[in-house]
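Here are the chains, one letter per residue:
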Amino acid sequence: MTPPTGGAKPDLSVQIAGIHLKNPILAASGTFGYGIEFEDVVQLEKLGGFVVKGLSREPMTGNPPPRLFETAAGMLNAIGLQNIGARAFLEEKLPLLRQKKDTVLIANVFGFTREDYEQTIEILNEGEGIAAYELNVSCPNTAHGGIVFGSAPLMLEDVVITAKRASRRPLIVKLSPNVTSIAQMAQVAEAGGADAISLVNTFVAMAIDVETRKTRISNVTAGLSGPAIKPIAVRMVHEAANAVKIPVIGMGGISTAADVIEFMLAGATAVQIGTASYWDPCATEKIVDEVERWCIEHRVARLADLVGGVVID
Ligand SMILES: Cc1cc2nc3c(=O)[nH]c(=O)nc-3n(C[C@H](O)[C@H](O)[C@H](O)COP(=O)(O)O)c2cc1C
């Protein structure tokens, strides 16, 4: 049978902050290790790209267990940003990743002071083969009483300006969803010099074991991700995309091709897949194939044409 697109493969490619992605599917930070650990299960070169685990200036051991808990249609995590540190990433992981030529690698960066972000980016600038930085601003600013960078407009602006100045690469600012106005935060990131924004990070949440009366997660609060958050994430992507001119990368509960299309119609140019990789380590790669099939079945020759195409009567 001739495919409805006339036999030609649909064009799945998109552009984000000057970076060409062969398709809009990226693996999300914290759910795909440093990428290299997945090379035996996922054909990395089939993905649009992947975002590595959050990197800080110094290595971090993270929180004590329990750090993960499955909820109805979702997952709680409080890993505590465990990572090997930016310097070890350059020395131990990047040389292996650089051999994977045909994929886009994005480094996720976090810190607890403005200087942390600046210095981590300066270290990573020395490495070759990183396409962009994704700034995780869902961290407490220890110099300002622990207020989360991404929850206060002035603090967000300050850290984005600092990171942009330090960076040799395009800057994607990953917004926190734990805010009153995501549109305002998107505009602040854009004004500070972000080349793109990504959202959503996890929602602050909590669960209690009623038998032991203890919290399910040792850190007490944790981040909620997975299908449970998807409709809120779609709403936030829609609001953010309408508030800025820079491209938006959407995420939150994506586990099917239809989810990808939904985020793109809401205004996302690309998407990330996180928790789904916990249930099925091949989820990212499978969803790339599913999106291609979806386009053929729906006679979509160019996927990028769907961006922002939601119909509102
Ligand atoms: C176990 C785990 C670890 C995560 N670590 C990071 C991280 O280091 N940096 C970051 O920006 N986001 C981190 N995230 C958030 C995800 O990248 C993503 O924004 C969020 O989980 C929503 O997408 P999902 O519902 O597809 O998982 C983590 C999520 C999970 C589940």
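Quick notes on the rules
- Residues numbered from 1 in each chain as written.
- Predicted model: local features only at pLDDT ≥ 70, side-chain atom pairs only at ≥ 80, totals over all residues.
- Heavy atoms only, no water.
- Helix = DSSP H or I, 4+ residues; strand = E, 2+ residues; numbered from the N terminus.
- Expected span 1.5 Å × (residues − 1).
- Bend = angle between axes of the 7 residues up to and from the residue.
- Buried < 20%, exposed > 50% of the residue type's maximum accessible area, 1.4 Å probe, protein only.
- Contact = heavy atoms within 4.5 Å.
- Pairing = 2+ DSSP bridges.
- Right-handed = clockwise from strand over helix to strand, strands pointing away.
- Axes fitted to C-alpha atoms, helices over the stretch in contact; angles between N-to-C directions.

S.K.: For this particular structure, what's the right way to read helix α1 (residues 86-98)?
M.R.: Because each turn of an α-helix spans 3.6 residues, side chains separated by three or four positions in sequence point in the same direction. For α1, spanning 13 residues, the distance from its first C-alpha to its last is only 16 Å, which falls clearly below the expected 18 Å at 1.5 Å a residue. By the largest-angle criterion, Glu-92 marks the main kink of α1, which is about 40°, and a proline, Pro-95, follows within four residues. Within α1, burial applies to Ala-86, Ala-88, Phe-89, Leu-90, Lys-93, Leu-94 and Leu-97. Lining the buried residues of α1 we find β4 (49-55), β7 (104-109) and α2 (114-125).

S.K.: What should I look at first to understand the pairing of strand β8 (residues 132-136) in this one?
M.R.: In summary, the side chains of a regular strand alternate between the two faces of the sheet. Of all the 5 residues making up β8, 5 are buried; the element is thus mostly covered by neighbouring parts of the structure. Of the two faces of β8, the one holding Ala-132, Glu-134 and Asn-136 and the one holding Tyr-133 and Leu-135 are both buried throughout. Summarising the sheet, β7 and β8 pair through 4 bridges and their orientation is parallel. Its bridge partner being in β8, Val-109 is matched across the sheet by Leu-135. Between the parallel pair β7 and β8, the chain is carried across by α2, and the sense of this crossover is right-handed.

S.K.: Please explain the sheet that holds strand β11 (residues 171-174) as it appears in this structure.
M.R.: Paired through their backbone hydrogen bonds, the strands of a sheet run either parallel or antiparallel. Read once around its circumference, the closed barrel built from 8 strands follows the order β3-β4-β7-β8-β11-β12-β17-β18, with strand pairing classed as parallel. Pairwise comparison of adjacent strand axes, ignoring direction, gives a mean angle of 25° for this sheet. As paired strands, strand β17 (residues 248-250) and strand β18 (residues 270-273) are joined by 2 bridges and run parallel to one another. Each residue of the ladder has a partner; that of Ile-249, found in β18, is Ala-270. Packing against the sheet, α2 makes contact with β4, β7 and β8, and its axis sits at approximately 160° to β8. The strands that helix α3 (residues 153-166) touches are β8 and β11; relative to β11, the one it contacts most, it runs at about 155°.

Geometry only, nothing functional implied.
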